[in-house]
Amino acid sequence: MLAENVDLRRLDTLIEINTLINSDYSDPNALLTRIVESATRLTEGEASSLLLINPDDNKLYFEVALGSKGPEVQRFSLNPGEGIAGWVVEKNRSLIVNDVETDQRFFSNISKAVGFSTRNILAAPMRIRDKCVGVLEILNKKERKDFTESDLWWLEIFANQAALAIQNARSFQKAREQIDLLSVQVTESKGYHTLVAMSPAMLEKIDLVKRVAPTDSSVLILGESGVGKELFAEQLHLNSRRADRAFVRVNCAALPESLLESELFGHVKGAFTDANRDRIGRFELADGGTIFLDEIGELPLSLQAKLLRVLQERTFEKVGASEPISVDVRIVAATNRDIEEEVSEGRFRRDLYYRLNVLPLYVPPLRSRPEDIPELAQFFLKRLNHETKKQIRGFSDEAMEQLLSYSWPGNVRELENAVERAVVISRGDEISPDDLVLQRGQSDGARYEGNSLKDAVNMFKKQYLRATLGRCEWNQTVAARQLGIQRTYLSRLIKELDISRSE
Ligand SMILES: Nc1ncnc2c1ncn2[C@@H]1O[C@H](COP(=O)(O)OP(=O)(O)OP(=O)(O)O)[C@@H](O)[C@H]1O
Ligand SMILES: [Mg+2]
């Protein structure tokens, strides 16, 4: 009669666990702990553990360890074949050992190290599709009793439940990763970028973006070149009610004044010599969505006036037209210039600045948020592996140290380029410091030492032009403007100094 009651209790527990397994995938460790607790209680053990095989090294790790020494035990791991758990994995069979002292398979190191005296052990394999993925162990039956065949039978059932829980959790995790990947792919296929962020500074900015995005206020994004201003502009759009509508990018530095005006606002046929038909401007294209005015600091004063009117009245005229057009557009602008200085020097309208700057968003330079460096480096590596069909696992410790200690004047763009170069150069399965070419610690003097003045000047020109072109994504018009020289002169220098994009 007593035995029957015990079994009924076991059955109840089993049913309860079954329900949990089928409902909750979110916290696998909590679920496994419940299973181990129940198994321990019902087999009357003093302590217990659940070990999982790590497929990378085939070692057994303690996923759950209960009993007086549980927390200490969790620091240990077992090599393949080691101890009773190792035997269970190897043979894929369960086992009762009622006197461990006389059993060769018993591995006493852990018990000794934590000061737990193990007397007897009950162990069962956890199987997913017949393959052993771990072991469930119960130690020391209470009141110094021996474990029985019936205890083992129940333990096997619990081990199966645990395996099921693990299988569910893994499929769930995999599905979630696939969904994440899919959503990344969908956004990327629409021309948006993935914004990687790990540092508290960036997470705070993302939080700000999420709060600001739903409003229609203009946002001015500030920050050094290459910090990711464009990605923040995308996030403002993607987190707004306008996400399904157009996100229209305009680089205000890329076009001369006359073309930029018709680019932004459109023109009517005959507005100027080449205007042989009507043209829709970017503002109209962005109707219902967001317009991103990049390098707003470069916007000529005449167009600043026109933009101010759009901000105030949401209307404008096409070039050569007189009737106003109304649009519903959210304006996001960005600049890497010191815009306040531009304002005080009279190059940027103060009233426009105030209008745009309703919600300023400053993206900090990479050197002030080193926590993002490993994350970004891995992200770029993964993408480049995919593109180049290489399989570089990661960065050596020394390489990562270099990445972390470098000052990144070109910010994330420079990091992206450095990783790309390293992936191309690397021959190993890991990026080493030799693969990274960072402009560190070299003083200007040292770089030019031993050269004639003419050669040194040319070296400098070459390096400076290449850097500027890189920053402008090899748009020569933009670069020439930044350098304060004619475009034709720039292209002649490029030829003379033999500057190429691939270097
Ligand atoms: N947090 C990030 N996660 C992933 N990629 C990033 C991140 N920040 C920047 N990048 C990448 O770095 C490069 C530069 O970013 P972006 O073009 O947004 O810089 P920017 O601030 O607009 O610079 P500039 O002022 O020179 O235009 C891009 O290729 C972008 O995809
Ligand atoms: Mg940019």
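Here the residue numbering is sequential within each chain, running from 1 through the sequence in written order. As they are written, the chains are lettered A onward and the ligands numbered 1 onward, keeping that order. For this predicted model, a pLDDT threshold of at least 70 governs which residues receive local features, and a threshold of 80 or more governs which side-chain atom pairs are given and counted, while totals over whole chains, interfaces and linings are taken from all residues.

Let us now look at the overall build of the protein. The number of helices and strands found in the protein is 20 helices and 17 strands. For the protein, whose C-alpha radius of gyration is 33 Å, the value lies well above the compact-globule estimate of 23 Å for 503 residues. With respect to the three principal axes, the spread of C-alpha positions in the protein is 100 × 65 × 40 Å. Burial is judged by counting other C-beta atoms within 10 Å of a residue's own C-beta: 20 or more means buried, 12 or fewer means exposed, and anything between counts as partly exposed, with every C-beta placed from the backbone. The proportion of buried residues among the 503 residues of the protein is 32%. This entry defines residue contacts through backbone-placed C-beta atoms, with two residues in contact when those atoms are within 7 Å. Within the protein, residue pairs in contact and separated by at least 24 positions form 67% of the contacts whose partners lie at least 6 positions apart. A run of DSSP states H or I qualifies as a helix once it reaches four residues; a run of E qualifies as a strand once it reaches two. Both are numbered from the N-terminal end. Two things to know: the radius of gyration comes from C-alpha atoms, and the globule rule equals 2.2 Å times the number of residues to the power 0.38.

Once that is clear, we can look at the site of ligand 1. We call a residue near a molecule or strand when the C-beta position, derived from backbone atoms, sits within 6 Å of it. Neighbouring residues of ligand 1: 19 residues in total, closest Ser 225, Gly 228, Lys 229, Glu 230 and Val 412. Listed by contribution, the elements that provide at least two residues to the shell around ligand 1 are α8 (229-238) and α16 (411-425). Each of two domains, domain 2 (200-364) and domain 3 (382-435), supplies a minimum of three residues to the shell around ligand 1. An automatic or database domain assignment is the source of the domain bounds shown.

Once that is clear, we can look at the environment of Arg 481. On the secondary structure map, Arg 481 appears in helix α19 (residues 476-483). Distance from Arg 481 to Lys 495, taken between C-alpha atoms, is 18 Å for residues 14 residues apart in sequence.

Taken domain by domain, the protein holds domain 1 (2-174), domain 2 (200-364), domain 3 (382-435) and domain 4 (449-496). In this structure, domain 1 and domain 2 have C-alpha centres spaced 62 Å apart.

This part is about the sheet that holds strand β11 (residues 290-294). By the convention used here, strands pair only if DSSP detects at least 2 bridges between them. If you trace the five strands from one edge of the open sheet to the other, you get β8-β11-β14-β7-β15, paired in parallel fashion. With one partner strand each, in any of the chains shown, β8 (247-251) and β15 (359-362) form the two edges of the open sheet. The sheet shows a mean angle of 20° between the axes of neighbouring strands, direction not considered. Inspection of the sheet shows β11 paired to strand β14 (residues 330-335) by four bridges, in the parallel sense. Opposite Ile 291, over in β14, you have Ile 331 as the bridge partner. Contacts from α8 reach β7 (219-222), β8, β11, β14 and β15, with the element oriented near 165° to β14. Lines are fitted to the C-alpha atoms to define the axes, a helix being fitted only along its stretch in contact, and any angle between axes, read from their N-to-C directions, falls within 0 to 180 degrees.

Our next topic: the nonpolar core. One finds Ile 221, Ile 291, Ala 377 and Leu 415 to be the most contacted residues of the largest nonpolar core, which totals 65 residues. Ignoring sequence-local partners within four residues, the contact set of Ile 221 consists of Lys 229, Phe 232, Ala 233, Val 332, Ala 334, Leu 361 and Val 363. Take the buried Ala, Val, Leu, Ile, Met, Phe, Trp, Tyr and Cys residues, join any whose C-beta atoms are within 7 Å, and the set you get is a nonpolar core. Counting 44 residues, the second largest nonpolar core, distinct from the first, contains Leu 66, Leu 122, Trp 154 and Ala 163.

Our focus in this paragraph is unusual backbone geometry. Most peptide bonds take the trans configuration, and most residues that are not glycine carry a negative phi. One non-glycine residue, Asp 130, lies in the positive phi region at around 70°. Relative to the elements of secondary structure, Asp 130 occurs in the loop between β5 (121-128) and β6 (131-141). Classification of Asp 130 by C-beta neighbours within 10 Å gives exposed; the count is 7. Residues other than glycine seldom take positive phi values, yet Asn 411 does so here, at roughly 55°. Its place among the elements puts Asn 411 in helix α16.

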